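Each chain, letter by letter, is given below.
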Amino acid sequence: MTLYQHLPHPHVASRHAQGPVKVSDQHPQGNAITRFNTRTAIVITRAVGSMWCAYAFALFDLISLPDAIKAGASAIVAWVAQTFLQLVLLSVIMVGQNVQAAASDRRSEATFHDASATLHEVAHLQRHLAAQDVLLTRIAEKIGLEEVPVIDATPGGEPAGENPDN
């Protein structure tokens, strides 16, 4: 007969089967206007924050390139800075931010579940150690020990790890 039975945390087995964190789970679910505004913002952000939009902006910007070339060096610099970079890099930066945000969300969620699983496992270990303490106390009483020694204390009675001289 065992005094303790370990039950592994369910997250350990299910973590690999779990899908990624979904942004849609975090959207407001309030009234119809809030839901409409959220959906509209998401659709526009997804469209502008795509590489296809960056390509479209680049092609659109190329329409004015011949005029900038005819106008000279300062017009080319202005075209690159004010037209091409602003429109094209806007979409490219949004794509990069979306990728980084998604990866950060997955790392954060995984860390949360790992910490929860660790806490669960530590609680099981504590119960396991308590069951062992009961058994050790019974054994000590049977062999005639008057006082059960405290294993995790220093000779002065302080808990281990708190005495800087150890």
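The coordinates are above.
Position labels on residues start from 1 in each chain and follow its written sequence. Restriction of local features to residues with pLDDT of at least 70 applies here, the model being predicted, together with a cutoff of 80 or more for giving and counting side-chain atom pairs; totals for whole chains, interfaces and linings are based on all residues. Excluding hydrogens and water, the side-chain figures rest on all heavy atoms present in the structure.

(A) A look at the overall build of the protein chain. Counting its regular elements, the protein chain contains five helices and zero strands. Secondary structure of the protein chain in N-to-C order comes out as α-α-α-α-α. Within the protein chain, residue pairs in contact and separated by at least 24 positions form 65% of the contacts whose partners lie at least 6 positions apart. Per-residue and other accessible areas were derived by the Shrake-Rupley procedure at a 1.4 Å probe size, with only the shown protein chains allowed to occlude residues. Surface exposure of the protein chain reaches about 12900 Å², of which carbon and sulfur atoms provide 64%. Counting from the N terminus, the helices are the DSSP runs of H or I reaching at least four residues and the strands are the DSSP runs of E reaching at least two. Should any heavy atoms of two residues lie within 4.5 Å, those residues are considered in contact.

(B) Region of interest: helix α5 (residues 73-142). For a helix, the expected span equals 1.5 Å multiplied by the residue count minus one. The end-to-end C-alpha distance of α5 is 97 Å, a good match for the 104 Å that 70 residues give at a rise of 1.5 Å each. Taken as a whole, α5 carries its principal kink of about 40° at L85. Turning to α5, its buried residues are A75, W79, V88, S91, M94, V95, A110, H113, A117, H124, A131 and A140. Of the residues flanking the end of α5, it is G144, one or two places downstream, whose phi is positive at about 95°. Axes are fitted to the seven residues ending at a residue and to the seven starting at it; the angle between these axes is taken as the bend at that residue. Classification of residues uses two cut-offs on accessible area relative to the type maximum, computed with a 1.4 Å probe and protein chains only: under 20% is buried, over 50% is exposed, and between them is partly exposed.

(C) Examining a nonpolar patch on the surface more closely. Here the term patch refers to residues with relative accessible area over 30% and no salt bridge, with like charges joined within 9 Å and nonpolar side chains (Val, Leu, Ile, Met, Phe, Trp, Tyr) within 5 Å. We count a salt bridge whenever a side-chain nitrogen from Lys or Arg sits within 4 Å of a carboxyl oxygen from Asp or Glu. A cluster of nonpolar side chains, M51, W52, Y55, I69, I76, V80, L85, L89, V92 and I93, forms an exposed patch at the surface whose accessible area comes to about 900 Å². Only α3 (51-62) and α5 provide two or more residues apiece to the nonpolar patch. Tracing the backbone shows V80 in helix α5.

(D) Representation of the side chain of S50. Structurally, S50 can be placed in the loop between α2 (32-48) and α3. Residue classification places S50 among the buried positions, given a relative accessible area of 19%. Excluding residues within four positions of it along the chain, S50 makes contact with S91 and V95.

(E) Region of interest: the packing of α3 against α5. Working convention: axes come from line fits to C-alpha atoms, limited for helices to the stretch in contact. Angles between N-to-C directions cover 0 to 180 degrees. Relative to each other, α3 and α5 sit at 170°, their axes nearing to 8 Å. With respect to α5, the axis of α3 lies roughly antiparallel. Residues M51, C53, A54, F57, A58, D61 and L62 of α3 pack against W79, T83, F84, L87, V88, S91, V92 and V95 of α5. Nonpolar residues are Ala, Val, Leu, Ile, Met, Phe, Trp, Tyr, Cys and Pro. Charged residues are Asp, Glu, Lys and Arg, and all others, Gly as well, are polar. Within the contact of α3 with α5, the residues separate by chemical class into 12 nonpolar, two polar and one charged. With respect to orientation, any angle under 35 degrees is reported as roughly parallel, any angle over 145 as roughly antiparallel, any angle of 65 to 115 as roughly perpendicular, and every other angle as oblique.

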